[in-house]
Amino acid sequence: MGRFRSEKDSDYFKVLDDAINAYTWAAIVKLQEKKVVEEVLGPVGQGKEAKLVLAKRGDGTYAVLKIFYPVPVRFVKSRYSYLLGDPRFRGLKISDQLHLVETWCRKEFGNLSRAHSAGVRVPKPYGFYRNVLAMQFIGVDRSPAPLLVDVGLENLEDPDHVFYEVLKSLEKTYVLAGLVHGDLSPFNILYDGENPWIIDWGSAVRRGHPRELEYLRRDVERVLEFFGTPIPPQELFKKLVERGTWQGRVDVDNEGWLLVGGRRILE
Ligand SMILES: Nc1ncnc2c1ncn2[C@@H]1O[C@H](COP(=O)(O)OP(=O)(O)OP(=O)(O)O)[C@@H](O)[C@H]1O
Ligand SMILES: [Mg+2]
């Protein structure tokens, strides 16, 4: 990186952006070759570390590509002047940064797959390559479903139903998938007009992680807060932990509730 530093900033960033775009484009072409997606349509969303692009699949359905960008591309732009003087930055090569986002992408794909297999309502994962993750598009025609936080509790047709569906997903995530989402809140839940979809699985951790319970407690609190705290957070947290450590049989009833020792969580 050092050799660009003597040149004009704009040249430096252009070279960097071009390189990353070419790299990302090659990953998308790979996903097309693997028949994960067929056609790339255009941007549909923007996260802090990722851009979301709409694509079409061979069967005519839509997918989204979540494209992870090395943070420094934007980070560097705003803080270029600070970083220039920082000796630690000198060692961080673009290849290391790409490696980091690829690890993140692989992790999100793995978590999403586990959650999906456990019956949590998440976008179906289709595949990934390098820094590009392909998953089911949640929306109508080409419009993405809104976030629960943007819809607001007062605008839900059936808030109790939505709460129960989030609760089922939360419990299946912990008990069946053995995961804690870690960033669960109405900012990471899409609402399709009827049901909630849990997204953004990059920060999920496996049970046994040193901060498992801290994250679980936070996820529980944020969810309950949105729904007006229908149950005390401590009570729900305790129930989840108990049910997660249950050694016996776990079933799913015909309404999608987990039966742990024959009982639903709210019984
Ligand atoms: N499967 C999907 N279908 C439709 N829209 C989606 C899908 N996944 C993500 N989005 C949209 O893209 C936005 C960003 O997605 P996501 O939260 O996964 O990205 P992020 O960069 O990790 O987010 P954050 O800004 O929370 O760090 C979401 O808020 C949502 O509006
Ligand atoms: Mg998000």
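Cut-offs and rules
- Residues numbered from 1 in each chain as written.
- Chains lettered and ligands numbered in written order.
- Predicted model: local features only at pLDDT ≥ 70, side-chain atom pairs only at ≥ 80, totals over all residues.
- Heavy atoms only, no water.
- Axes fitted to C-alpha atoms, helices over the stretch in contact; angles between N-to-C directions.
- Helix = DSSP H or I, 4+ residues; strand = E, 2+ residues; numbered from the N terminus.
- Parallel < 35°, antiparallel > 145°, perpendicular 65-115°, else oblique.
- Left-handed = near helix turned anticlockwise from the far one by under 90°.
- Contact = heavy atoms within 4.5 Å.
- Donors = N, O, S within 2.8 Å, 3.2 Å for Na, K, Ca; no water.
- Pairing = 2+ DSSP bridges.
- Near = heavy atom within 4 Å.
- Polar contact = N/O pair within 3.5 Å; in protein donor to acceptor, adjacent residues only side chain to side chain.
- Areas by Shrake-Rupley, 256 points an atom, 1.4 Å probe, with all protein chains shown as cover.
- Domains from an automatic or database assignment.

**Quick word on the packing of helix α6 (residues 159-175) against helix α8 (residues 233-244)**
Item 1. With their axes 9 Å apart at the nearest point, α6 and α8 run at an angle of 40 degrees to one another. The pairing of α6 with α8 is recorded here as oblique in orientation. For the crossing formed where α6 meets α8, the hand is right-handed. Contact with α6, carried on its side by Leu167, Leu170, Glu171, Tyr174 and Val175, involves Leu236, Leu240, Val241, Arg243 and Gly244 of α8 and no other residues of that element.

**Regarding the coordination of the magnesium ion (ligand 2)**
Item 1. Here the magnesium ion (ligand 2) is held by the protein donor atoms Asn188 (OD1) and Asp200 (OD), which lie 2.1 to 2.3 Å from it. Here aspartate 200 lies in the loop between β10 (196-198) and β11 (205-206) and asparagine 188 lies in the loop between β8 (179-180) and β9 (189-191), a separation of 12 residues in the sequence.

**Focus: the pairing of strand β1 (residues 39-46)**
Item 1. Relative to strand β2 (residues 50-56), β1 is paired through 6 bridges, and the arrangement is antiparallel. Note that in β2 the partner of glutamate 39 across the bridge is lysine 56.

**Some remarks on the site of ligand 1**
Item 1. Residues in close proximity to ligand 1 total 18 residues, the closest being Lys48, Lys66, Gln136, Ile138 and Asp200.
Item 2. Glutamate 49 is positioned with one of its backbone polar atoms (N or O) 3.3 Å from an oxygen atom of ligand 1.
Item 3. With respect to ligand 1, the backbone of isoleucine 138 contributes an N or O atom lying 3.0 Å from a nitrogen atom.
Item 4. Bound to the protein, ligand 1 loses 88% of the 620 Å² it would expose on its own.
Item 5. For the shell around ligand 1, the secondary-structure elements that each account for two or more residues are β2, β3 (62-68) and β5 (132-136).
Item 6. Looking at the shell around ligand 1, you find at least three residues from each of domain 1 (2-140) and domain 2 (145-260).

**Section: the packing of helix α7 (residues 212-226) against α8**
Item 1. Between α7 and α8, the shortest axis-to-axis distance is 9 Å and the interhelical angle comes to 130 degrees. On the basis of their axis angle, the class for α7 and α8 is oblique. Note on packing geometry: the crossing formed by α7 with α8 is right-handed. Between α7, through Leu213, Leu216, Arg217, Val220, Glu221 and Leu224, and α8, the contact on the second element is made entirely by Pro233, Gln234, Leu236, Phe237, Leu240 and Val241.

So yeah, pure geometry; function would need other evidence.
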